[in-house]
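Chain residues, written in single-letter form:
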Amino acid sequence: MTRVAAIDCGTNSIRLLVADADPATGELTDLDRRMTIVRLGQGVDRTGRLAPEALERTFAACREYAEVIKEHGAERLRFVATSASRDAENRDDFVRGVLDILGVEPEVISGDQEAEFSFTGATRELAGRDHLDKPYLVVDIGGGSTEFVVGDDRVRAARSVDVGCVRMTERHLLRDGAVTDPPTEEQVAAMRADIEAALDLAGETVPLREARTLVGLAGSVTTVSAIAQELPEYDSAAIHHSRISHDRVREITDWLLRSTHAERAAVPSMHPGRVDVIGAGALVLLAIMERTGAREVVVSEHDILDGIAWSVA
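Calculation notes
- Residues numbered from 1 in each chain as written.
- Predicted model: local features only at pLDDT ≥ 70, side-chain atom pairs only at ≥ 80, totals over all residues.
- Heavy atoms only, no water.
- Domains from an automatic or database assignment.
- Contact = heavy atoms within 4.5 Å.
- Buried area = accessible area lost by both parts, 1.4 Å probe.
- Polar contact = N/O pair within 3.5 Å; in protein donor to acceptor, adjacent residues only side chain to side chain.
- Buried < 20%, exposed > 50% of the residue type's maximum accessible area, 1.4 Å probe, protein only.
- Helix = DSSP H or I, 4+ residues; strand = E, 2+ residues; numbered from the N terminus.
- Pairing = 2+ DSSP bridges.
- Core = buried A, V, L, I, M, F, W, Y, C linked by side-chain atoms within 4.5 Å.
- Axes fitted to C-alpha atoms, helices over the stretch in contact; angles between N-to-C directions.
- Parallel < 35°, antiparallel > 145°, perpendicular 65-115°, else oblique.
- Left-handed = near helix turned anticlockwise from the far one by under 90°.
- Nonpolar A, V, L, I, M, F, W, Y, C, P; charged D, E, K, R; others polar.

Enquirer: Got a minute to help me understand the domain arrangement of the protein chain in this structure?
Expert: Interface size, as often reported, equals the accessible area lost upon joining of the parts. As far as domains go, the protein chain holds domain 1 (2-109) and domain 2 (121-299). Taken over C-alpha atoms, the centre of domain 1 sits 22 Å from the centre of domain 2. Each side of the interface is counted separately: domain 1 has 16 residues, and domain 2 has 13 residues. Regarding the contact of domain 1 and domain 2, the summed buried area is about 1,100 Å², with carbon and sulfur atoms giving 43% of it. Sorting the residues of domain 1 by area buried against domain 2 places Asn12, Arg39 and Asp45 first, and these three jointly supply 39% of that buried surface. On inspection of domain 1 and its partner domain 2, the count reaches three residue pairs in polar contact (both at pLDDT 80 or more).

And the structure:
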């Protein structure tokens, strides 16, 4: 048994997992799992740089996580950074800040590496479950990018494309610095065209229609699940391995793209940091289901974070 810590720093959120890993049994026992919305990717698509205020929000979360890691006595830590810090001109400022706070250098991984970690984290515990046929298509809809991975016991093909809930919102739904509330039909159509083009790109590498089970990861997907179940609050246990039909995803996406900020914020399971970007994230999920012909998506709370933890163990 090895006590490990894993940090996944994405475009919209930074997350920590401290867990006991037993490679002999394949069990990963959570000791602490938490998420903070820091919006590190704020404006990166437009400016190519990490904003000072975004860096400070991220460093504040890192200081909190350093205390948690110390309290639990984790033996090893791995910090993985994804889309926003790959794209930024000033990513050295980010690397130095994390190193000062946590004592480890963040690994700015490639999209392909990101996809492999996501696949491992999401599928390691799916083997033997009823009616979940292989191969799997794992889709990790992040803030700046979406990873597509097809595999059975191992990864067969993977591709990362630059569509995510934050990037699509900033690119298509902003007017005069504010999110259009609700977006116009023209804005939604432009966003949909961007997503479809990204799916074309992903399909060049990943055989999207060959998979028998679609597995969806990350906050946009888990939030759609919470809405579908009409949960009174965000409940990881109820969300993990829930299944949402294509028709239900379409209904929820249509509502999110017609709703106002206040209406979305009133959803009891909605994290405040997702209110303005959830419509774009849901549309990415819907487009994937339509492209692949998936009748349902299996939702996993275990994702790249768990894959990072296993890589340390």
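Enquirer: Explanation requested: the pairing of strand 2 (residues 13-22) in the structure shown.
Expert: Where a strand is regular, its side chains alternate between the two sheet faces. With respect to burial, strand 2 is a largely interior element, 10 of its 10 residues being buried. Here strand 2 shows a buried face lined by Ser13, Arg15, Leu17, Ala19 and Ala21 and a second buried face lined by Ile14, Leu16, Val18, Asp20 and Asp22. Bridge analysis of strand 1 (residues 2-9) against strand 2 gives eight bridges, and the strand direction is antiparallel. Bridge assignment links alanine 6 to a residue of strand 2, and that residue is leucine 17. Where strand 1 folds back onto strand 2 in an antiparallel hairpin, the turn is made up of three residues.

Enquirer: Mind showing me how you'd approach the nonpolar core here?
Expert: Across soluble globular proteins, nonpolar side chains have a tendency to be buried as a group. Core analysis: the biggest nonpolar cluster contains 48 residues, and Leu137, Phe148, Met191, Ile195, Leu214, Leu285 and Ile288 have the highest contact counts within it. For this core, the elements supplying multiple residues, two or more each, are strand 6 (136-141), strand 7 (146-151), strand 8 (155-161), helix 7 (185-203), helix 8 (219-228), helix 10 (246-258), helix 12 (278-292) and strand 13 (296-300). Of the residues forming this core, the biggest block, 10 residues, is contributed by helix 12. Dropping the residues within four chain positions of it, isoleucine 288 is found in contact with Val139, Ile141, Thr146, Phe148, Leu199 and Leu214.

Enquirer: Could you clarify how one ought to interpret the side chain of asparagine 90 in this entry?
Expert: Checked against the element boundaries, asparagine 90 lands in the loop between helix 3 (83-87) and helix 4 (91-102). With relative accessibility at 7%, the residue asparagine 90 sits in the buried group. A polar atom in the side chain of asparagine 90 sits 2.8 Å from the backbone nitrogen of leucine 50. Excluding its chain neighbours within four sequence positions, the residues that come into contact with asparagine 90 are Arg49, Leu50 and Leu55.

Enquirer: Any chance you could explain the environment of isoleucine 109 here in plain terms?
Expert: Within the secondary structure, isoleucine 109 sits in the loop between strand 5 (107-108) and helix 5 (111-123). Here isoleucine 109 falls in the buried class, since its relative accessible area comes to 3%. Sequence spacing of isoleucine 109 and alanine 193 is 84 residues, and the spatial spacing of their C-alpha atoms is 28 Å. Dropping the residues within four chain positions of it, isoleucine 109 is found in contact with Val80, Ala81, Thr82, Arg86, Glu114, Phe117 and Ile304.

Enquirer: Can you help me understand the environment of arginine 96 in this one?
Expert: Its place among the elements puts arginine 96 in helix 4. Note: C-alpha distance between arginine 96 and proline 106 (10 residues apart in sequence) is 8.9 Å. A polar contact is formed between the side chain of arginine 96 and the side chain of aspartate 93, at a distance of 2.5 Å.

Enquirer: Explain the packing of helix 10 against helix 12 here, please?
Expert: The axes of two packed helices give the description: the angle between them and the distance between them. Across the interface, helix 10 lies against helix 12 with an axial gap of 9 Å and an inter-helix angle of 150°. As far as their axial angle goes, helix 12 and helix 10 are roughly antiparallel. Where helix 10 crosses over helix 12, the handedness of that crossing is left-handed. Each of His246, Val249, Arg250, Thr253, Leu256 and Leu257 in helix 10 lies in contact with helix 12, whose residues at this interface are Ile278, Gly279, Ala282, Leu283, Leu285, Leu286, Met289 and Glu290. Residues that form the contact of helix 10 with helix 12 fall into these classes: nine nonpolar, three polar and two charged.

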